[in-house]
Amino acid sequence: MKISLLHATARPKAAKECQKLWLESADNSANIEIITCVDNNDAASREAFPDAVLNHYEGVCSAWNEAAKNATGDVLVALDDDWTPPHGWDQIIESQMCNGADILHVGDAHRKDQLICHPIISKRFYDAMGYLWHPLFKSVYCDNWFSEVAQRWGYVDATDGGKVDLGFVHKNPSQGYGAEDEVARKSNSKERYEHGGAMLKKLQNQTILAFTVAGRKDYLTQTLNSWLGTDLSLVTAVHFFIEPIEVGEVTPIIDAFDAECPVPVIKHYNKEKLGVLRNPWHLFDHCFRIEGAKFVILGEDDFLVSPDVLNFLFSAEKNDTTMAACAKWVGKGSDNNPATWHRTTEFTGNIWGTWPDVWNKYLKDTWDFDYSSGKEDGSPAGWDWNLQLRVIPKNGLHCIVPTASRSKHIGVTGVHCTSEVFDDTVAWNFLSNPYEGVYREVAEQKNDKVLFAGAQYPVKGDAVTVSSSGDLGDCSASLATLVHRGNPTIYHLWDDGLTKGIVAREKFIRPFLESQPIIQEVRIGRPDECDWRSEDFRNRRLHDGVSNLATVHATHAKMFGFISDVPTFDGPWLTISGFNHHGKIVVNRSPRYNNNRFPWAKIVAHYGSRLVFMGLDEEYEAFRQFGEVARVKVSDMLEMARMIAGSSLFIGNQSVAMTIAEGLKHPRIQEVCLHLPDCIYPPSNAQYVANGAVILPGIDGSGELAISPEIPLPDGTETPPGGWQYDGLPKGMMHPNAAISMIRQQHPELTNAEAKRLLMEFNAKRVPEFFDKSALDSGLAKYRLAMRNNGHQI
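Throughout what follows, the structure given in this document is the object of discussion. (Residues numbered from 1 in each chain as written. Predicted model: local features only at pLDDT ≥ 70, side-chain atom pairs only at ≥ 80, totals over all residues. Heavy atoms only, no water.)

Notes on the sheet that holds strand 1 (residues 3-8)
- Strand order in the open sheet made by the seven strands is 3-2-1-4-7-6-8, with mixed pairing throughout. The two strands at the open ends of the sheet, each matched to only one other strand, are strand 3 (53-55) and strand 8 (156-157). (Pairing = 2+ DSSP bridges. Helix = DSSP H or I, 4+ residues; strand = E, 2+ residues; numbered from the N terminus.)

Describing the environment of Val656
- Along the chain, the position of Val656 falls in helix 23 (residues 656-664).
- Taking the C-alpha atoms as reference, Val656 lies 9.0 Å from Cys475; in sequence the two are 181 residues apart.
- Those residues in contact with Val656 that lie beyond four places of it in its chain are Leu472, Gly473, Met637 and Met640. (Contact = heavy atoms within 4.5 Å.)

Looking at the packing of aromatic side chains
- Summed over the entire model, instances satisfying the criterion amount to 37 aromatic pairs.
- With a centroid separation of 5.0 Å and 45° between ring planes, the pair formed by Phe284 and Trp352 is classed as tilted. With Phe284 in helix 11 (residues 275-290) and Trp352 in strand 17 (residues 352-354), this residue pair connects regions lying 68 residues apart in the sequence.
- Note on Phe284: relative accessible area 0%, which makes it buried.
- For the ring pair Tyr435 and Tyr439, a centre distance of 5.0 Å and an interplane angle of 75° mean the geometry is edge-to-face.
- Put simply, the rings of Trp281, Phe284, Phe288, Phe347, Trp352, Trp359, Trp367, Phe369 and Trp383 pair up and form one aromatic cluster.
- Over the aromatic face of Phe369 sits the side chain of Arg278, whose NZ or CZ is 4.4 Å from the ring centroid. (Phe/Tyr/Trp six-rings, centres within 6.5 Å; stacked < 30°, edge-to-face > 60°. Buried < 20%, exposed > 50% of the residue type's maximum accessible area, 1.4 Å probe, protein only. Lys NZ or Arg CZ within 6 Å of the ring centre and 35° of its normal.)

Quick look at the pairing of strand 22 (residues 464-468)
- Most of strand 22 sits out of view: five of its five residues are buried.
- Residues Val464, Val466 and Ser468 line one face of strand 22 and the alternating positions Thr465 and Ser467 line the opposite face, and both faces are buried.
- Examined bridge by bridge, strand 22 and strand 23 (residues 489-493) share five bridges and lie parallel to one another. Of the residues in strand 23, the one forming a bridge with Val464 is Thr489.
- Regarding the hand of the β-α-β motif, the stretch spanning strand 22, helix 17 (residues 472-485) and strand 23 is right-handed.
- Sheet topology note: the strand 22/strand 25 (residues 532-533) ladder contains two bridges and is parallel. (Right-handed = clockwise from strand over helix to strand, strands pointing away.)

Given below as structure tokens:
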């Protein structure tokens with residue numbers, strides 16, 4: 001049996017005498033190796049031990065751990081300068097550990113308790129633990145924690161409870177052996193005792209984030225990079241349970257993560273291949289049974305996580321029937337609201353955490369190790385399916401899941417999925433922006449008077465000055481750039497004569513602007529000095545008609561150095577609070593940017609009393625052509641935003657209301673203007689409707705309804721003698737006023753609006769060059785370009 005003496009020292013002379021004594025006292029010194037570790041900045045010790053391992057951290061505990069990393073013995077002994085052995089100490093250790101013991105307590109001639117101050121452990125135990133002393137410690141209290149771990153693991157007490165003296169003596173000054181030197185004073189200082197006590201308490205109530213790793217270094221790199229964007233200080237340590245693979249591929253990746261991680265990173269190397277079924281069980285069992293964790297989060301090597309994933313998981317309100325807190329959800333009740341969560345009997349094991357009582361009572365003994373659980377009933381098998389289909393319903397358990405997913409699968413191929421089903425495993429509502437607000441249960445939030453919707457973002461740095469003379473929608477869109485930059489903003493409103501004018505509508509817009517965390521102050525008038533004149537984008541001809549307004553603003557801001565890059569705007573940039581969840585479907589339609597193909601009449605017929613119109617008097621009167629709808633009046637833009645945030649769905653055309661819905665990423669259906677589709681954003685919980693095809697979701701009792709594009713005008717429509725020429729229209733075009741009676745005769749089921757729309761379709765085919773420049777784009781060319789520009793598949 002080979003024994004490694006792990007000698008951490010800062011006393012060169014005493015260390016040499018100590019090592020000489022231990023070698024001379026051994027029966028077989030040929031089987032003894034000594035790994036000396038000294039501090040990197042200890043010149044005297046480095047000179048005395050030129051081959052020593054270097055400790056780059058503070059404290060003797062890290063020095064012992066560095067020595068252990070380099071040990072090759074079957075048994076590792078933590079050696080101290082003032083710990084002396086009996087003759088034949090190596091035979092004593094071998095006789096006690098030859099039968100497979102992993103931890104040995106030999107005493108120190110003074111202590112009569114079970115505190116193991118000088119660990120003697122097997123290499124097997126070290127590999128399983130990943131450390132000798134827990135890396136949180138610097139010096140004192142490390143042995144308290146080790147003794148707690150030894151109690152849980154099981155150990156051999158060769159002293160028989162302090163009754164047997166084996167001859168090992170700790171000649172510590174506290175026991176009357178000489179005077180305390182500077183090294184001892186530092187290790188036993190008040191600061192070290194306070195630190196050690198705090199670390200012991202932390203470990204006794206610890207949360208562990210743990211990963212199973214089986215290669216796939218590219219996935220692992222992306223995964224760990226996403227975790228570095230979270231608040232890792234919320235966990236006590238990060239553990240990796242590594243399959244017996246080519247560890248040289250993944251160890252550098254984990255070490256790079258360790259260099260940036262604010263808490264200890266601990267590597268466990270599995271002695272045998274455990275696989276995708278056994279390794280997670282082994283992870284939970286070790287963390288709960290040996291480490292004594294109070295909460296364990298299972299990480300995967302191929303899942304990205306949101307910046308607030310740990311904050312969300314820690315917000316889970318455990319009760320007797322809570323099995324787990326999960327980070328992913330795309331099922332019923334899912335949306336993009338970062339603030340909400342709900343309880344479900346479904347289990348999504350893609351980054352999840354649980355507690356020791358749940359593990360011991362429900363999970364430990366029911367784990368499916370070999371895909372056997374589903375054979376009898378023909379249902380899916382494996383530990384995750386077993387939890388979902390059997391453990392949860394049998395025991396009346398539930399999981400806490402977010403309405404906006406905090407994890408996203410990136411493993412196209414591998415143990416979790418195939419390339420054929422990959423799209424079904426990716427969370428469409430993955431939250432990529434940090435959320436710092438309060439997490440609330442959906443049922444609770446619906447009854448609350450003060451709710452939050454949209455973005456929650458940090459505002460920091462010096463204030464910047466920004467001006468706008470655009471329309472209301474321009475102001476709302478410009479906020480996306482301001483949020484991306486992140487500085488508090490002094491926002492100036494002034495009129496330049498190019499738009500409708502914003503100053504006269506100050507009272508309407510000011511409450512909304514002042515409600516946004518990014519806005520420090522709203523002022524009237526053009527500022528002499530300005531960090532970004534957002535209105536200038538019109539003069540730069542950046543508005544190409546297919547890029548959305550937020551992107552146009554950001555492109556202009558980057559051009560003038562206000563921001564360094566143009567974001568995708570796939571997440572919310574507005575924040576709204578203090579609204580009621582009224583659950584109505586809010587609709588709005590302004591006079592501009594209409595699309596006659598949009599099926600407003602069918603929407604009104606389908607949703608009926610669930611609809612409420614929000615807009616000006618003239619807008620409401622115009623909308624009534626599609627049917628009678630209740631109306632709500634708002635006094636300012638903030639009330640408008642709160643009305644949208646409290647709704648189940650928003651439907652509208654390209655107006656300021658739609659820009660607000662977009663900024664909140666609230667569920668929405670847009671009537672797309674075909675000649676200026678500049679309000680299309682990356683895929684999210686929105687439908688951008690160009691040709692009339694739309695899926696109306698089921699809301700509060702209404703079933704889902706799929707509406708297909710309108711039928712074309714029948715072929716063979718004849719032009720009456722003399723034609724349909726009308727002043728101001730190109731030759732050959734039929735005018736609605738002249739032809740509407742004929743259309744109604746052919747299609748008596750159509751309303752006037754529907755007949756006019758079909759007639760316009762027909763005219764578009766006859767004179768396409770006219771309609772390419774008009775509000776009706778017969779080929780949907782601009783719409784298709786705008787959709788493709790923002791990542792939509794059409």
